[in-house]
Amino acid sequence: MTVRNDWTLAEVKELFALPFMDLLFRAQSVHRCFQVPNTVQISTLLSIKTGACPEDCAYCPQSARFDTGLEPQELLELKEVAVRARAAKESGATRFCMGAAYRSPKPKDLRKVLAMIREVKSLGMETCATLGMLTPEQAQELKDAGLDYYNHNLDTSPQYYKKIISTRIYQDRLDTLQAVRDAGMNVCCGGIVGMGEEAQDRAELLHILATLPAHPESVPINQLVRVAGTPLERAAALDPFDFVRTVAVARVLMPRCHVRLSAGRSEMSDELQALCFLAGANSIFYGEKLLTTGNPDTAHDQSLFRRLKIAAEPGAGQPAAGAPAVRAFAAPHAESNAATV
Ligand code: SAM
Ligand code: DTB
Ligand code: SF4
């Protein structure tokens, strides 16, 4: 098994067309060759600037164009971000992802975000940010401040993208991804399924990701959270097996990446999530909130991971010499919710 960047779209479609069990077997085989089985990378999200976004992404509760009842919030203070990051670390997260409802960051705001990144980094956590489009200079500033990952999703196929967002083009997204790469940061890039797209669109999205010169290190697969007031509020529910297939194909195409089971877990049964882990997902957003919408509570996630005997993966630079490579989730009667050694 090798890592390839020359997948053809026909090959990607063939993977999607495999019998479900064959696809899962293939994905789990790739997973065991390239990843540590039975472990999950834990990221916690914080919305550092909420709502009032000028963009018109049809799925997003934070666009100023849709009446979703969301209370906009200015950029948080550094102190508040530090408190939230410390709490995330204590509850077992190794990566802290800061999200802002920007089309692209303004210089004054970027300076404040750079300070947040330095602060989170000083806590010994991996840092991630998602702030919209970046210039190469902004990407370099973020890298210099200690940003490990930049999240910027392609969301769907180029064709379907035009039906979802009119305020920017696909190439804008690709340009930002290139700036992130050129600055030497890890790329976190994935998409959303369940927006009414065709199977062809999911295949095209994964094909584009898998034929980038270097695969993203992190690939979030989001299931659309249908938020009242957004144009996609009544999008038809996706067949859950098609969600699992998308995870599995991502795993086969990009063996070394972390595939993140991202938004939408609150609507998934434990059994469906277990199927996603079998299909090669090995990262989650952990904590009761995503950016503005709900996520499973941490006690439930800990219980799920204990039941599946899945352990938390250490962050970069961890564990210290002599410490175990993975951390089991706390026993039910442990005093805190923290993942324990
Ligand atoms: N404004 C920046 C941008 O769009 O790049 C960063 C924040 S934006 C909320 C980050 C990502 O969240 C989007 O690219 C999209 O993939 C995901 N997202 C937003 N709303 C979602 C929803 N309702 N369901 C699933 N994913 C969603
Ligand atoms: C990603 O792919 N999913 C996260 C994160 N990257 C920034 C965001 C999900 C947002 C879901 C809707 C909300 O909570 O506002
Ligand atoms: Fe704004 Fe990002 Fe939401 Fe689009 S996805 S409306 S850019 S916050």
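In what follows, the structure referred to is the one given above.
So, how was this worked out
- All chains use their own residue numbering, which begins from 1 and follows the written sequence.
- Chain labels run from A onward and ligand labels from 1 onward, assigned in the order the entries are written.
- The predicted origin of the model limits local features to residues at a pLDDT of at least 70 and limits the giving and counting of side-chain atom pairs to 80 or more, whereas totals for whole chains, interfaces and linings rest on all residues.
- Working from all heavy atoms in the structure, the side-chain values ignore hydrogens and water.
- Comment: elements are numbered from the N terminus, with helices defined as DSSP H or I runs of at least four residues and strands as E runs of at least two.
- Burial classes: relative accessible area under 20% of the type maximum marks a residue as buried, over 50% as exposed, and values in between as partly exposed (1.4 Å probe, protein chains only).
- We call a residue near a molecule or strand whenever a single non-hydrogen atom of that residue lies within 4 Å of it.
- Residues were grouped as follows: Ala, Val, Leu, Ile, Met, Phe, Trp, Tyr, Cys and Pro as nonpolar; Asp, Glu, Lys and Arg as charged; and all remaining residues, including Gly, as polar.
- Contacts were defined at the residue level, with two residues in contact if any of their heavy atoms lie within 4.5 Å.
- Side-chain rings of Phe, Tyr and Trp, where Trp is taken by its six-membered ring, are said to pair if the distance between their centres is within 6.5 Å; with planes under 30 degrees apart they count as stacked, over 60 as edge-to-face, and otherwise as tilted.
- Cation placement over rings: the criterion is NZ of Lys or CZ of Arg within 6 Å of the ring centroid and within 35° of the ring normal.

Participant: Would you explain the environment of aspartate 22 in this entry?
Facilitator: Structurally, aspartate 22 can be placed in helix α2 (residues 20–34). Assessed through its relative accessible area of 44%, aspartate 22 is described here as partly exposed. Spatially, the C-alpha atom of aspartate 22 lies 19 Å from that of leucine 206, the residues being 184 residues apart in sequence.

Participant: Any chance you could explain the site of ligand 3 here in plain terms?
Facilitator: Cys53, Glu55, Cys57, Tyr59, Cys60, Ser63, Ala101, Tyr102 and Arg168 make up every residue found near ligand 3. When its residues are assigned to classes, the shell around ligand 3 shows 6 nonpolar, 1 polar and 2 charged.

Participant: Help me understand the environment of isoleucine 117 in this model?
Facilitator: The residue isoleucine 117 is located in helix α4 (residues 107–122) in this model. Separated by 23 residues in the primary sequence, isoleucine 117 and glutamine 140 have C-alpha atoms spaced 13 Å apart. Sequence-distant contacts of isoleucine 117, that is, excluding residues within four places in its chain, are made with Met98, Thr127, Leu142, Ala145, Gly146 and Leu147.

Participant: Would you mind showing me how to read the packing of aromatic side chains here?
Facilitator: Aromatic ring pairs are described here by two measures, namely the spacing of the ring centres and the angle between the planes. Following the criterion strictly, the structure yields 3 aromatic pairs and no others. Note on phenylalanine 20 and phenylalanine 241: the rings are 5.1 Å apart at their centroids and 65° apart in plane angle, and the pair reads as edge-to-face. One end of the pair, phenylalanine 20, is in helix α2; the other, phenylalanine 241, is in helix α9 (residues 240–253), with 221 residues separating them in the sequence. The class for phenylalanine 241 is partly exposed, based on a relative accessible area of 45%. With a centroid separation of 5.1 Å and an interplanar angle of 85°, the aromatic rings of tyrosine 161 and tyrosine 170 are classed as edge-to-face. Taking the relative accessible area as the measure of exposure, tyrosine 170 reaches 9% and is therefore buried. For arginine 4, the ring lying beneath its charged end belongs to tryptophan 7, and the centroid distance is 4.1 Å.

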